[in-house]
Amino acid sequence: MDLLVKFKFPREEYDDRELTEQKMLALQYEIINDWKKKKETDYLINGPPALGIVGALCGIYVNSYYRRKLKLRSFGRGTSYLPIVVLPALVAPVVHKVMIQSHLLLRQYDCPVCIQIRAGLLQAAVAGVYPAILAPLASFMFATRHFTYKLPSITQSPMEVFQLWKKLTRPIALPLLGICFGNYLFGMYITSRQIEDFHSIMIQVDKATSRLESGLDGNVS
């Protein structure tokens, strides 16, 4: 079944008016937000926040691990959690809506599987790779500042710092891979359900609009 449904607009509202992408996107969101059957819009509305929540949980797990290993206790807790936990929670939904959902609603894609893969990669990068890189860096910085763990100088002994990072990361390597792969699958799943939901909604809108236009044509004739 073709997932790209042609959408017909009421002639009296859109005749002789250029429909820009922003107006089109606003119209699609208006239809989704006003849709009576909320179950049919669940993934379109709640999908991006769900991605943000998962990103925050992954950030908490990774950041807590490195902080515990470097004995940071309460040192720099708020400062480290802000970029590693809060930022993915905010960025993941925005990235998905801008890079994935907007293209979906505007039907600016030819391959549903391709856009699902892109969504998975973006989610894995924001919620998996980003915390995995930033968490040890932030923890090393606070451990050096508060003398909670004996760290070699990164300027004088960068290889020793790298070896320490490998030593600390080795026990969590598989969980980190699992986090990245899990986010990849989750991003793909959310997007696939969004495609299905949007496809179903547009079919119903298209049928309703066709009936409306048929009624208008009948009245004119």
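Everything numeric here is computed off the predicted structure, so don't read it as measured data.

S.K.: Would you mind going over the overall build of the chain in detail, with residue names and values included?
M.R.: Along the backbone of the chain there are seven helices and zero strands. The order of α-helices and β-strands along the chain, N terminus first, is α-α-α-α-α-α-α. A separation threshold of at least 6 residues defines the contact pool for the chain, and within that pool the share at least 24 residues apart is 81%. Total accessible area on the chain is roughly 12800 Å²; 63% of this is exposed by carbon and sulfur atoms.

S.K.: How would you sum up the side chain of Q101? Please name residues and give values.
M.R.: Mapping Q101 onto the fold places it in helix α4 (residues 77-105). Of the residues examined, Q101 reaches a relative accessible area of 0% and is grouped as buried. A polar atom in the side chain of Q101 sits 3.2 Å from the side chain of Y29. Residues contacting Q101, with those up to four places away along its chain left out, are Y29, L44, P48, H96 and Q194.

S.K.: Outline the nonpolar core, supporting the account with residue identities and numerical values.
M.R.: Counting 19 residues, the largest nonpolar core has V62, Y66, L70, F140, L168 and L176 as the members making the most contacts within it. Only α3 (42-69), α5 (112-146), α6 (158-169) and α7 (173-220) provide two or more residues apiece to this core. Of the residues forming this core, the biggest block, six residues, is contributed by α5. For Y66, the contacting residues outside a window of four places in its chain are A135, P136, S139, W165, L168, T169, I172 and L176. With 17 residues, the next largest nonpolar core counts L44, I100, Y109 and A119 among its residues.

S.K.: How would you explain the pattern of salt bridges if you had to name every residue and give the values?
M.R.: Considering all chains together, one arrives at one salt bridge under this definition. E196 is the partner of R193 in a salt bridge, and the nearest nitrogen-oxygen pair spans 3.6 Å. In this pair, R193 and E196 both sit in helix α7, three residues apart, roughly one turn of the helix. With a relative accessible area of 25%, R193 lands in the partly exposed category.

S.K.: Describe the side chain of T41, naming the residues involved and giving the relevant values.
M.R.: In this fold, T41 is placed in the loop between α2 (21-33) and α3. With a relative accessible area of 0%, T41 lands in the buried category. Filtering out sequence-adjacent residues up to four positions away, T41 remains in contact with I32, W35 and I201.

S.K.: For the packing of α3 against α6, give the residues involved together with the corresponding values.
M.R.: When two helices pack together, their arrangement is given by the angle between their axes and by how far apart the axes lie. Two elements in contact, α3 and α6, have axes whose closest approach is 11 Å; the angle formed by their N-to-C orientations is 115°. Of the two possible hands of crossing, α3 and α6 adopt the one that is right-handed. Facing Y65, Y66 and K69 of α3, the residues of α6 in contact are W165, L168 and T169. Of the residues assigned to the contact of α3 with α6, the class counts are four nonpolar, one polar and one charged.

S.K.: Describe the packing of α2 against α4, listing the residues and the values that go with them.
M.R.: In contact at an axis separation of 10 Å, α2 and α4 are set at 85° when each is read in the N-to-C sense. Compared by their axis directions, α2 and α4 come out roughly perpendicular. Contact with α2, carried on its side by L25, Q28, Y29 and I32, involves K97, Q101, S102 and L105 of α4 and no other residues of that element. Here the residues of the contact of α2 with α4 sort into four nonpolar, three polar and one charged.

So, how was this worked out
- Residues numbered from 1 in each chain as written.
- Predicted model: local features only at pLDDT ≥ 70, side-chain atom pairs only at ≥ 80, totals over all residues.
- Heavy atoms only, no water.
- Helix = DSSP H or I, 4+ residues; strand = E, 2+ residues; numbered from the N terminus.
- Contact = heavy atoms within 4.5 Å.
- Areas by Shrake-Rupley, 256 points an atom, 1.4 Å probe, with all protein chains shown as cover.
- Buried < 20%, exposed > 50% of the residue type's maximum accessible area, 1.4 Å probe, protein only.
- Polar contact = N/O pair within 3.5 Å; in protein donor to acceptor, adjacent residues only side chain to side chain.
- Core = buried A, V, L, I, M, F, W, Y, C linked by side-chain atoms within 4.5 Å.
- Salt bridge = Lys/Arg side-chain N within 4 Å of Asp/Glu carboxyl O.
- Axes fitted to C-alpha atoms, helices over the stretch in contact; angles between N-to-C directions.
- Left-handed = near helix turned anticlockwise from the far one by under 90°.
- Nonpolar A, V, L, I, M, F, W, Y, C, P; charged D, E, K, R; others polar.
- Parallel < 35°, antiparallel > 145°, perpendicular 65-115°, else oblique.

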